[in-house]
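Coordinates in review
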Amino acid sequence: MKKPDEMDRSIFLRSEEWAYRAAMLALSLWTLCNCYQTLAHSAPYHPLPGLILCLATSVQGLTQLALKQRMTSGDEEYRPPNRLLQTLIAAVLLTAFLLFFGTFFILYTH
């Protein structure tokens with residue numbers, strides 16, 4: 001098997017980019033249709049497409065932060081804050097906040 005050259009890598013990355021965009025668009029439409037059916041027709045809500053969409057977006061964003069941090073870690077001139085750690089802490093706090101208030105409203109408004 002031959003080692004891919006720069007043109008092959010570029011084609012591969014571009015095709016992955018388009019596949020990722022298509023998958024994200026399909027998951028977004030699936031989530032919106034599911035929400036519409038739940039609100040308009042009282043159908044049961046299925047959170048799986050929304051959870052997959054959130055997972056894919058989170059993994060992509062956190063991977064970008066981690067790779068950028070790894071690439072600039074040896075540079076003495078560039079000392080950015082630890083954005084990956086800040087983002088993870090913010091995500092955990094936001095999740096805890098949403099779970100707390102969501103549970104509160106579900107339990108005490110019915």
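Fair warning: this is a prediction, and the values are worked out from it, not measured in the lab.

When helices and strands are tallied, the chain shows 3 helices and 0 strands. Along the chain direction, N to C, the helices and strands of the chain fall in the order α-α-α. Relative to its length of 110 residues, the chain is extended, with a C-alpha radius of gyration of 20 Å against a globular reference of 13 Å. Taken along the three principal axes of its C-alpha coordinates, the chain extends 60 × 35 × 20 Å. The average position of the 9 basic charges and that of the 8 acidic charges among the side chains of the chain differ by 5 Å.

For the rest of this paragraph, the subject is the side chain of N34. The residue N34 is located in helix 1 (residues 6-41) in this model. With sequence-adjacent residues up to four places away left out, N34 is seen in contact with P44, Y45, H46 and P49.

This paragraph deals with the packing of helix 1 against helix 2 (residues 48-71). The N-to-C vectors of helix 1 and helix 2 enclose an angle of 145°; their axes lie 8 Å apart at closest approach. Like other packed secondary-structure pairs, helix 1 and helix 2 cross with a definite hand, here left-handed. Mapping the contact onto sequence places Y20, M24, L27, S28, W30, T31 and N34 in helix 1 and P49, G50, I52, L53, A56, T57 and Q60 in helix 2. For the contact of helix 1 with helix 2, the residue count by class is 8 nonpolar, 6 polar and no charged.

For the rest of this paragraph, the subject is the packing of aromatic side chains. Across all of its chains, the model carries 2 aromatic pairs by this definition. With a centroid separation of 5.0 Å and 80° between ring planes, the pair formed by F100 and F101 is classed as edge-to-face. Overall, F101 belongs to the partly exposed group, its relative accessible area being 31%. An aromatic cluster of at least three residues, connected via ring pairs, comprises F97, F100 and F101. One Lys or Arg, R21, reaches over the ring of W18 and ends 5.5 Å from the middle of that ring.

This part is about unusual backbone geometry. With phi around 55°, S42 is a residue other than glycine that occupies positive phi space. In this fold, S42 is placed in the loop between helix 1 and helix 2. On the basis of relative accessibility, which here comes to 65%, the residue S42 falls in the exposed class.

The final tally for this structure, using the stated rule, is 1 salt bridge. Its salt-bridge partner being E17, residue R21 comes within 2.7 Å of it at the nearest N-O pair. Highlighted residues: R21 and E17, both in helix 1, separated by 4 residues, approximately one helical turn. The exposure class of R21 is partly exposed, given its relative accessible area of 45%. Judged by relative accessible area, E17 falls into the partly exposed class, the value being 35%.

The next subject is a nonpolar patch on the surface. On the surface, L94, F97, L98, F100, F101, F104, F105, I106, L107 and Y108 cluster together into a nonpolar patch covering about 1100 Å² of accessible area. On the secondary structure map, L94 appears in helix 3 (residues 83-108).

Here is what the cut-offs are and how they apply
- Throughout, residues of each chain are indexed from 1 in the direction in which the sequence is written.
- Totals for whole chains, interfaces and linings use every residue, but because this is a predicted model, local features are given only for residues with pLDDT of at least 70 and side-chain atom pairs only at 80 or more, for both listing and counting.
- Where side-chain values are given, they derive from all heavy atoms of the structure, hydrogens and water being excluded.
- Numbering of helices and strands starts at the N terminus; helices are DSSP runs of H or I of at least 4 residues and strands are runs of E of at least 2.
- In this description the radius of gyration comes from C-alpha coordinates, and the expected globular size is given by 2.2 Å times residues to the power 0.38.
- None of His or the chain ends enter the tally, which takes Lys and Arg as positive and Asp and Glu as negative.
- Charged groups are reduced to one reference atom each: NZ for lysine, CZ for arginine, CG for aspartic acid, CD for glutamic acid.
- By definition, residues are in contact when any of their heavy atoms lie within 4.5 Å.
- Note on method: axes are straight lines fitted to C-alpha atoms, helices fitted across the in-contact stretch only, with angles between N-to-C directions ranging 0 to 180 degrees.
- By definition, any crossing whose near helix is turned counterclockwise from its far helix by less than a right angle is left-handed, and any crossing with a clockwise turn is right-handed.
- Residues were grouped as follows: Ala, Val, Leu, Ile, Met, Phe, Trp, Tyr, Cys and Pro as nonpolar; Asp, Glu, Lys and Arg as charged; and all remaining residues, including Gly, as polar.
- Paired rings are identified among Phe, Tyr and Trp, the last through its six-membered ring, by centres lying within 6.5 Å, and are further divided according to the angle between planes into stacked (under 30 degrees), edge-to-face (over 60) and tilted (the rest).
- Relative accessibility under 20% of the residue-type maximum defines a buried residue, over 50% an exposed one, and the middle range a partly exposed one, all with a 1.4 Å probe and only protein chains included.
- Note on criteria: charge over ring means Lys NZ or Arg CZ within 6 Å of the ring centre, with the direction from the centre no more than 35 degrees off the ring normal.
- Any carboxyl oxygen of Asp or Glu within 4 Å of a side-chain nitrogen of Lys or Arg constitutes a salt bridge here.
- Residues enter patches when their relative accessible area tops 30% and they take part in no salt bridge; the joining distance is 9 Å for like charges and 5 Å for the nonpolar side chains Val, Leu, Ile, Met, Phe, Trp and Tyr.
- For every accessible area listed, the method is Shrake-Rupley and the probe measures 1.4 Å; residues are considered covered only by the protein chains on display.

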